[in-house]
Amino acid sequence: MKRKLALVIFIVLAGGLLLIPALLDFGVPAFSDMDDYFLEHGQEQTAANNIVTAVVFDYRGFDTLGESVVLFTAVVGVGLMFRRMLKEEEYEDE
Amino acid sequence: MRMSKLVRTGADLLYPFALIFGLYIVMHGHLTPGGGFQGGAVVATGAAIVIVAWAYEDVAGMIRKVTMKAQESAGLLLFIGSAALALGLGYAFFANVLANSGSLFGLSVPFGPNPGELNTAGLIPIMNFAVGIEVWGGLTIILLYLLSGLKKEEGT
């Protein structure tokens, strides 16, 4: 009984989730002011043909800085974790 | 633990091409799809092929952890430094001071689709390069640390 109820709820929710993109028109976003701004002014303001790169490295530069710092921190964490596993005499050739 | 001679030779042949292709993706980040993160990952994949095909001790002399650490730190410092360059010139942090300036990477581009020019986009290629060498160094260090555990294993 409980399993059937869960299955019915799952089917209804999954169907609703799949129905939403089917009802929307492709390529017509609800809010496109910011996209239009980037497309119209990106090439003259950043002189880059690739608007995606212009957004990632220029308009949203702070986001990329955070990404780089996250990667750096991840590498530092991996280094710290594996450094503890090495023997003492293996430190000098690091 | 080495793989067969066929795999090792194939890895040796593939490594320079992976390097060139990754650096191409990094340096053309402002013109074509890709950029620093993707290109750095491609270069690290080339290093991964070599490390997996050869044993860790064979590679450790060529792909050194010290070099990769320095490269990663230099990438992050170059990224922050190029972002802070605008502060010294009186603009906001991350302002693209080199774009449309006529100097390094300073050419303008016309509006609309055009073939593109490598010498454009101001600070974006420099930041792409910085992120590229950072991802290269970082992922290679992770691979070296993870695969260095294989060196104690008995094998051919």
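Residues numbered from 1 in each chain as written. Chains lettered and ligands numbered in written order. Predicted model: local features only at pLDDT ≥ 70, side-chain atom pairs only at ≥ 80, totals over all residues. Heavy atoms only, no water.

**Quick word on the nonpolar core**
Here comes step 1: Ranked by size, the top nonpolar core spans 18 residues in total, and within it B:I51 and B:I63 carry the most contacts.
Here comes step 2: When residues of this core are traced back to their parent elements, those giving at least two are α4 (61-83) of chain A together with α2 (36-53), α3 (56-60) and α5 (123-147) of chain B.
Here comes step 3: Top contributing element to this core by residue count: α5(B), with 7 residues.
Here comes step 4: When neighbours within four sequence positions are excluded, B:I63 is seen to be in contact with B:Y15, B:A47, B:I51, B:M68, B:T140 and B:L144.
Here comes step 5: Judged by nonpolar contacts, the second largest core, of 14 residues, contains A:F57, B:A83, B:M127 and B:V135. (Core = buried A, V, L, I, M, F, W, Y, C linked by side-chain atoms within 4.5 Å. Buried < 20%, exposed > 50% of the residue type's maximum accessible area, 1.4 Å probe, protein only. Helix = DSSP H or I, 4+ residues; strand = E, 2+ residues; numbered from the N terminus. Contact = heavy atoms within 4.5 Å.)

**Digging into the packing of aromatic side chains**
Describing an aromatic ring pair means giving the distance of the ring centres and the angle of the ring planes.
Here comes step 1: Applying the stated criterion to the full structure yields 8 aromatic pairs over all chains.
Here comes step 2: Measuring from ring centre to ring centre gives 4.6 Å for A:F38 and A:Y59, while their planes differ by 45°; the resulting arrangement is tilted. Here A:Y59 lies in helix α3 (residues 51-59) and A:F38 lies in helix α2 (residues 33-46), a separation of 21 residues in the sequence.
Here comes step 3: Connected via pairs of aromatic rings, a cluster forms that spans A:F57, A:F62, B:F79, B:F93 and B:F94.
Here comes step 4: Here the guanidinium or amino end of B:R8 rests over the ring plane of B:W54, the centre of that ring lying 5.4 Å away. (Phe/Tyr/Trp six-rings, centres within 6.5 Å; stacked < 30°, edge-to-face > 60°. Lys NZ or Arg CZ within 6 Å of the ring centre and 35° of its normal.)

Keep in mind these values describe shape, not function.
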